[in-house]
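Working through the structure, step by step
If you want the building blocks of each chain, they are given just below.
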Amino acid sequence: IELVEYIAKSYSTTNSCEHEGTKTTLERKILSYTKLKLHSAAPPFSIVSNKGEQLSLDSYAQRTFVLVFWATWCPHCMQVVPEIHRLMETKIDATFDLITVSLDTNVTDWKKYTDNMTLSKNVCDKKSWDSPILSDYQVYATPTIFVIKNKTIIGKPLDLEELRQILRENKLVR
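Residues numbered from 1 in each chain as written. Predicted model: local features only at pLDDT ≥ 70, side-chain atom pairs only at ≥ 80, totals over all residues. Heavy atoms only, no water.

The next subject is the overall build of the chain. Helix and strand content of the chain: six helices and seven strands. Taken from the N to the C terminus, the helices and strands of the chain come in the order α-α-β-β-β-α-β-α-β-α-β-β-α. Within the chain, the proportion of its 174 residues that are buried is 45%. Expressed as a percentage of contacts within the chain between residues at least 6 apart in sequence, the contacts between residues at least 24 apart total 66%. A total of about 9,600 Å² of accessible surface is found on the chain, and carbon and sulfur atoms cover 52% of it. (Helix = DSSP H or I, 4+ residues; strand = E, 2+ residues; numbered from the N terminus. Buried < 20%, exposed > 50% of the residue type's maximum accessible area, 1.4 Å probe, protein only. Contact = heavy atoms within 4.5 Å. Areas by Shrake-Rupley, 256 points an atom, 1.4 Å probe, with all protein chains shown as cover.)

Here is the structure:
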């Protein structure tokens, strides 16, 4: 952890003015680590689901949800996202939600896949890596997963097993 903090302080260009799109993967990783630490405030967002529902961080102020950034063209996502849905079938807390944000630009492929995803709120703004929410959450790879409770990041699992553990520890799933 000390090494990551050293790299973050030494190589981050947060004191310069540059376009968000010019950030490298390393810079996004550093910002993800430094700005989006566990127990820090989640960045605000306002997005519209495929069902026309307005979703925002404020609308989840007193709730817990999983936020997944993914794409249908990502083979790993196509393995993980269905497993996350199976995990949601075991949820204990009825107010616990899953929000998926797709990086897809082909809405037809995305809709074909998400039509069967009834346990989640699904979003696709067709902006891929240029979507503002991806920038706000410093997403540099898919899938990227956050667990947010009361507007606070309580988990940034790197895999399905870590997600399962976080959700069980918080008594959200069986």
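Time to look at the pattern of salt bridges. The tally for this structure, following the rule as stated, stands at five salt bridges. Measuring nitrogen to oxygen at the nearest pair gives 2.6 Å for the salt bridge that ties K151 to D58. With a gap of 93 residues between them, K151 in the loop between strand 6 (144-149) and strand 7 (152-155) and D58 in the loop between strand 2 (54-56) and strand 3 (64-70) connect regions that are remote in the sequence. With a relative accessible area of 31%, K151 lands in the partly exposed category. On the accessibility criterion, D58 (54% relative accessible area) is exposed. Between E161 and R164 there is a salt bridge, with the nearest N and O atoms lying 2.8 Å from each other. (Salt bridge = Lys/Arg side-chain N within 4 Å of Asp/Glu carboxyl O.)

Before going further, it helps to spend a moment on the packing of aromatic side chains. One pass over the structure, following the stated rule, counts seven aromatic pairs. With 5.4 Å between their ring centres and 50° between their planes, W70 and Y113 make a pair best called tilted. Of this pair, W70 sits in strand 3 while Y113 sits in helix 4 (residues 107-114), and the two are 43 residues apart along the sequence. Residue classification places Y113 among the partly exposed positions, given a relative accessible area of 22%. Their ring planes at 70° and their centres at 5.1 Å tell us that Y137 and F146 sit as a pair that is edge-to-face. For the pair formed by Y137 and F146, the shared burial category is buried. In this structure an aromatic cluster arises from ring pairing among F45, Y60, F65, F69, Y137 and F146. (Phe/Tyr/Trp six-rings, centres within 6.5 Å; stacked < 30°, edge-to-face > 60°.)

With that settled, the discussion passes to helix 3 (residues 75-88). For helix 3, spanning 14 residues, the distance from its first C-alpha to its last is 21 Å, which sits close to the expected 20 Å at 1.5 Å a residue. All of the buried residues along helix 3 are C77, V80, V81, P82, I84, H85, L87 and M88. (Expected span 1.5 Å × (residues − 1).)

A few words now on the nonpolar core. Ranked by internal contacts, the top residues of the largest apolar core, which has 46 residues, are F69 and Y137. The set of elements that each furnish at least two residues to this core consists of strand 3, helix 3, strand 4 (97-102), strand 5 (121-124), helix 5 (132-136), strand 6, strand 7 and helix 6 (160-169). When neighbours within four sequence positions are excluded, Y137 is seen to be in contact with L36, A42, P43, F45, L67, F69, F146 and I148. (Core = buried A, V, L, I, M, F, W, Y, C linked by side-chain atoms within 4.5 Å.)

What follows concerns the sheet that holds strand 7. A sheet is described by the order of its strands in space; here five strands give the open sequence 5-4-3-6-7, paired in mixed fashion. Of all strands in the sheet, those with a lone pairing partner are strand 5 and strand 7, marking the two edges. Within the sheet, the average angular offset between the axes of one strand and its neighbour, ignoring direction, is 30°. Bridge analysis of strand 6 against strand 7 gives three bridges, and the strand direction is antiparallel. The residue of strand 7 that forms the bridge with V147 is G155. Relative to strand 3, helix 3 is tilted by about 165°, and along the sheet it contacts strand 3, strand 4 and strand 6. (Pairing = 2+ DSSP bridges. Axes fitted to C-alpha atoms, helices over the stretch in contact; angles between N-to-C directions.)

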